[in-house]
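Descriptive analysis of the structure
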Amino acid sequence: MAPRVVAADTPGVRPGKLKVFLGAAPGVGKTYRMLDEGRRRARRGTDVVVAYAECHGRPHTEEQLQGLELLPRTRREYRGSTFTELDLDAVLARRPEVALVDELPHTNVPGGRNAKRWQDIEELLAAGIDVVTTVNVQHLASLNDVVEKITGVPQRETVPDEVVRRAHQIELVDMPAEALRRRMAHGNVYRPEKVDAALAHYFRVGNLTALRELALLWVAGRVDETLQKYRSEHGIGTVWETRERVVVALTGGPEGETLIRRAERIADRSSGGDLLAVHVARSDGLAYASPAALAKQRELVESLGGSYHSVVGDHVPTALLDFARAENATQLVLGTSRRSWLSRLLAPRGIGEDTVELSGDIDVHMVTHERAGRGRRLSLPGRRLPYARRVAGPVAGLLLPLLLTVLLAQTRGTLNLTSEALLFLVTVIGVACLGGVVSALLASLSASLLLNYYFIPPSGQFTITEPNNALALAVFVAVAVTVAAIVQRSLRLSRRAASATAEAETLSSMAGNILRGDQAVSMLLEHTRETFGMASAELVPRSGQEAEALEGGDGLVKVPAGPDQMLVLRGRTLPASEHRVLTAFAAHLAAALDHARLTEAAAEVEPVKAADRMRTALLAAVSHDLRTPLAAGRAAVSSLRGTDVEFSEEERDELLTTADESLAKLNRLVDNLLDMSRLRAGALTLHLQPTAFADVLPLALDTLSATSVPIESQGLAEICEVSADPPLLERVIANLVVNAVRHSPPGQRVLISASALGPRVELRIIDRGPGLRPEDRDRIFVPFQRTGDSDNTTGLGLGLALSRGLAEAMGGTLTPEDTPGGGLTMVLSLRAAAAEEPA
């Protein structure tokens, strides 16, 4: 269930603040700390009430209630039992300054307007009431599967991480594993009869240590988010080495995998270190970037637990360092240059050298690799002229014609004037390619003057006044300017193409995020912020108080994101070339918002569609399956009430038996329908407790009609108790036995056996019927579906579907297996009561 935002009841009401006490396991003292917090605030004069506190009979915790106002709880009836819940309306009517509400992830008993307690708390916050609450780390949705792997216990109640992350304060209630086990042994956590089982299973040292580390890491991540927000709000650009973060720069070249693994080893040296990979898509292009290689390197980074990022920047070293500082990175990993010796000769300074010079307090690692110095020759027209070439061009324009003059003077008479003129022309063209228009003009002037003075008769004097010489000078200048213009135009076109490539690459990266399922608006906002190197990125309504507050703000970039939202970035001023890409990002965000709205609308409609499908199936099934036992029972009762026929005692007994069996069958069908409806609606509340199969089986068999198939059991008395809801377990076993009896040949027995397997217990219902085809193994658990192995005129086809649903609701599984020698075995697996999750 996704977190929702509840609007304030009254315009202008300040939303309440949420404080969460987070613990690693039950018994660390969260409720005690919550009540102690309430007592401290009450002593300061704050209006504090205890809206809900679960002390679990712990005397020290109950002592904390003294002196605090306790609001009455609401009572709700469910399945014949009475439960107490938070009285949300009473708290809203009382309107205290602070409400203490225990057990944030609790699932409410049906009857209230909210399914979860965290939804009740959101209403209190929206009404301006501050709330102090508690939660264990195993109930955080993002860690649910991790905790199950550690403890072997699935968590039924979870709370979305975003609900806890939005808290104004999160305080960790920490306790070493051995200290918590001592509290448990002293009876300060559970009743004495539950201590030994808890210490031997859930509260093992390894489990508690792992849960403690999860809690510490989760809170550390939350603290890191707060630190990043503080540094952004206060414009802090220096690195605070609170946590080791390693950034690896990727170009899409073949050395990428080597760099990633090297950076990952650096991050691993410090426990909890982060690995971030970044690719700079720059407006002047990356000559050898391969989209396929980048995609493969991204997969490698994510497989190693790191994150991949793409940013836009004209100057790669600056873009890398801006990103590293924004992420508070401590180390930056780059590969040594792949440029050839000629490229390094023409432009000695590369990205690595510039990055080291500008790095400041960030450590830069230059990693060698097998491709170092083996790259292709630098493509001169494809790049903006570097500073070294802009200086070398004019110098070459003056010196190269002079050096050529000296060389030709030494070989005077060997070449004719035409050859000498062509050599000067080649020199001018070379200078034009090297240094651009200015260098070409200098080279053409110096070359024409030297050629005229030394090689055009009469030598030793300028004869520009002659038409031929003037033409030669004009040709030199025209050729030089033409070549330089072509070079400049090629450079501009290359820059535009590279800029378009960078934009396409960036948008492709965002599209890839959406296709991979990363379409959450918060993820796209963070990606936008990183891409453009901004301090923050957020969506605000295009009209209202927030939009008015942004008017006239300094350092803001605002772009429409749909008809009613605006994308607002804070940080640097973006050039016009990047606004086009930003507009495309805003369009993606608008699409993501629309997708979220459509998904939410579809989710709201889906229960209606499911209910409609079930209603249709029910109408089709009721026409026969419910009418048959009803008609048989009614006919038997009508016959008994009639006065025109005198029945013998034997006939009366037979009619009474028929009526009793028909009504019992009708009762089972109705119960199955009601339970399936509750399962589909999510309104089935469980009351798990230690339950013995040997106690439940006789009750389940008593509900069955007489049958010629013998039913035997073995091993049930010796097996340990399971964690189950006894009435529901009885229903599951009865349905499974009915299914086995229905498909068993006359004279063949149905065997029920039990065995322990680690922390779970398996109950097997074995028949010798026709068995099941592999393609039908999933279909038999679909409601209103029946296989054609036996008479299809009885039953709604709900038994197995309901049995699996109830089993999974109790934290178990129901799977079919082939019986050796023929037949079908249904395996019901439930966790042993000793391994049950502590309350």
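Residues numbered from 1 in each chain as written. Predicted model: local features only at pLDDT ≥ 70, side-chain atom pairs only at ≥ 80, totals over all residues. Heavy atoms only, no water.

Remarks on the overall build of the chain
On a plain count of helices and strands, the chain comes out with 26 helices and 23 strands. Each of the 839 residues in the chain was classed as buried or not, and the buried ones make up 43%. Expressed as a percentage of contacts within the chain between residues at least 6 apart in sequence, the contacts between residues at least 24 apart total 72%. Here the chain has roughly 41,700 Å² of accessible surface; of this, 55% comes from carbon and sulfur atoms. (Helix = DSSP H or I, 4+ residues; strand = E, 2+ residues; numbered from the N terminus. Buried < 20%, exposed > 50% of the residue type's maximum accessible area, 1.4 Å probe, protein only. Contact = heavy atoms within 4.5 Å. Areas by Shrake-Rupley, 256 points an atom, 1.4 Å probe, with all protein chains shown as cover.)

Observations concerning the packing of helix 16 (residues 417-435) against helix 17 (residues 437-454)
Running from N to C, helix 16 and helix 17 cross one another at 160°; their axes reach a closest spacing of 7 Å. The pairing of helix 16 with helix 17 is recorded here as roughly antiparallel in orientation. Seen along the crossing, helix 16 lies across helix 17 with a hand that is right-handed. Where helix 16 abuts helix 17, its residues Leu-417, Glu-420, Ala-421, Phe-424, Val-428, Val-431, Ala-432 and Gly-435 lie against Val-437, Ser-439, Ala-440, Ala-443, Ser-444, Ala-447, Leu-450 and Leu-451. Among the residues forming the contact of helix 16 with helix 17, the class breakdown is 12 nonpolar, 3 polar and 1 charged. (Axes fitted to C-alpha atoms, helices over the stretch in contact; angles between N-to-C directions. Parallel < 35°, antiparallel > 145°, perpendicular 65-115°, else oblique. Left-handed = near helix turned anticlockwise from the far one by under 90°. Nonpolar A, V, L, I, M, F, W, Y, C, P; charged D, E, K, R; others polar.)

Description of the environment of Ala-807
Checked against the element boundaries, Ala-807 lands in helix 26 (residues 799-809). Taking the C-alpha atoms as reference points, Ala-807 and Ala-724, 83 residues apart in sequence, are found 8.8 Å from one another. Excluding anything up to four places from it in sequence, Ala-807 contacts Val-732, Gly-812, Thr-813, Leu-814, Leu-828 and Leu-830.

Some details on the sheet that holds strand 3 (residues 69-70)
One open sheet accounts for 6 strands, arranged 3-2-6-7-1-8; its pairing is parallel. Both outer strands of the open sheet, strand 3 and strand 8 (169-173), are each paired with one neighbouring strand and no more. Lying over the sheet, helix 1 (residues 30-43) contacts strand 1 (18-23), strand 2 (48-52), strand 6 (98-101), strand 7 (130-136) and strand 8, oriented at roughly 165° with respect to strand 7. Most of the contacts of helix 4 (residues 117-126) go to strand 7, to which it runs at about 160°, and overall it touches strand 1, strand 2, strand 6 and strand 7. (Pairing = 2+ DSSP bridges.)

Observations concerning the nonpolar core
Among the nonpolar cores identified, the biggest contains 65 residues, and Leu-100, Val-101 and Phe-203 are the most heavily contacted of them. Val-696, Val-761, Leu-806 and Leu-824 belong to the second-largest nonpolar core, a separate cluster that totals 39 residues. (Core = buried A, V, L, I, M, F, W, Y, C linked by side-chain atoms within 4.5 Å.)

With respect to the sheet that holds strand 9 (residues 245-250)
In any sheet, the strands associate via hydrogen bonds between backbone groups, in a parallel or an antiparallel arrangement. The parallel open sheet is built from 5 strands, whose spatial order is 11-10-9-12-13. A strand with exactly one partner marks an edge of an open sheet, and here the two such strands are strand 11 (307-312) and strand 13 (363-367). Averaged over all pairs of adjacent strands, the angle between their axes in this sheet comes to 25°, without regard to strand direction. Bridge count for strand 10 (residues 274-281) against strand 11 is 6 bridges, and the pairing is parallel. For Leu-276, the partnering residue across the bridge sits in strand 11 and is Ser-307. Contacting strand 9, strand 10, strand 12 (331-335) and strand 13, helix 10 (residues 256-268) crosses the sheet at an angle of about 175° to strand 9. Contacts from helix 14 (residues 351-358) reach strand 12 and strand 13, with the element oriented near 165° to strand 12.

Here's the deal with the pattern of salt bridges
For the coordinates displayed, the defined rule picks out 20 salt bridges. Across the salt bridge formed by Glu-37 and Arg-41, the nearest N and O atoms sit 3.0 Å from each other. You can see Glu-37 and its partner Arg-41 sitting in helix 1, 4 residues apart, about one turn around the helix. Judged by relative accessible area, which is 14%, Arg-41 ranks as buried. With a closest N to O distance of 3.4 Å, Glu-257 and Arg-261 form a salt bridge. Placement of the pair is Glu-257 and Arg-261 together in helix 10, with a separation of 4 residues, close to one helical turn. Look at Glu-257 and you get partly exposed, because its relative accessible area is 38%. What you see here is one network of salt bridges that share partners, running through Lys-19, Arg-33, Asp-36, Glu-37, Arg-40, Arg-41 and Glu-171. (Salt bridge = Lys/Arg side-chain N within 4 Å of Asp/Glu carboxyl O.)

Quick word on the side chain of Glu-420
Secondary-structure assignment places Glu-420 in helix 16. Setting aside its immediate chain neighbours within four residues, Glu-420 contacts Leu-408, Leu-415, Leu-451 and Phe-455.

A word on a negative patch on the surface
Together, Glu-649, Glu-650, Glu-651, Asp-653 and Glu-654 make up a negatively charged patch on the protein surface. Within the secondary structure, Glu-654 is located in helix 23 (residues 649-681). (Patch = residues over 30% accessible without salt bridge, like charges linked within 9 Å, V, L, I, M, F, W, Y side chains within 5 Å. Lys, Arg positive; Asp, Glu negative; His and termini not counted. Charge placed at Lys NZ, Arg CZ, Asp CG, Glu CD.)

Some thoughts on the pairing of strand 1
Of all 6 residues in strand 1, 6 are buried; the element is thus mostly enclosed. Alternating positions in strand 1 separate into two faces, Leu-18, Val-20 and Leu-22 on one and Lys-19, Phe-21 and Gly-23 on the other, with burial throughout. When strand 1 meets strand 7, the two strands line up parallel, connected through 6 bridges. When the sheet's bridge partners are listed, Lys-19 is paired in strand 7 with Val-132. Judged from the 5 bridges that link them, strand 1 and strand 8 form a sheet pairing that is parallel. When the bridges of strand 8 are listed, Phe-21 appears paired with Glu-171.

Examining the packing of aromatic side chains
One pass over the full model with this rule turns up 0 aromatic pairs. In this structure, Arg-73 is placed above the aromatic ring of Tyr-52, and the distance from its NZ or CZ to the ring centre is 4.0 Å. In this arrangement the basic side chain of Arg-117 is found over the ring face of Tyr-52, its NZ or CZ atom lying 3.9 Å from the centre. (Phe/Tyr/Trp six-rings, centres within 6.5 Å; stacked < 30°, edge-to-face > 60°. Lys NZ or Arg CZ within 6 Å of the ring centre and 35° of its normal.)

Considering helix 24 (residues 693-702)
Here helix 24 has its buried residues at Phe-693, Val-696, Leu-697 and Ala-700. Seen from one end, helix 24 has its buried residues packed into an arc of 105°, which puts them on one side. In helix 24, those exposed residues whose orientation departs by more than 90 degrees from the buried face are Asp-695 and Asp-702. (Arc of directions from axis to C-beta.)

Quick notes on a nonpolar patch on the surface
Among the surface-exposed residues, Val-391, Val-395, Leu-398, Leu-399, Leu-400, Leu-402, Leu-403, Val-406, Val-438 and Leu-442 lie close enough to one another that they form a single nonpolar patch of about 850 Å² accessible area. For the nonpolar patch, the secondary structure elements donating two or more residues are helix 15 (387-410) and helix 17. Here the element with the most residues in the nonpolar patch is helix 15; it accounts for 8 residues. Tracing the sequence through the fold places Leu-402 in helix 15.

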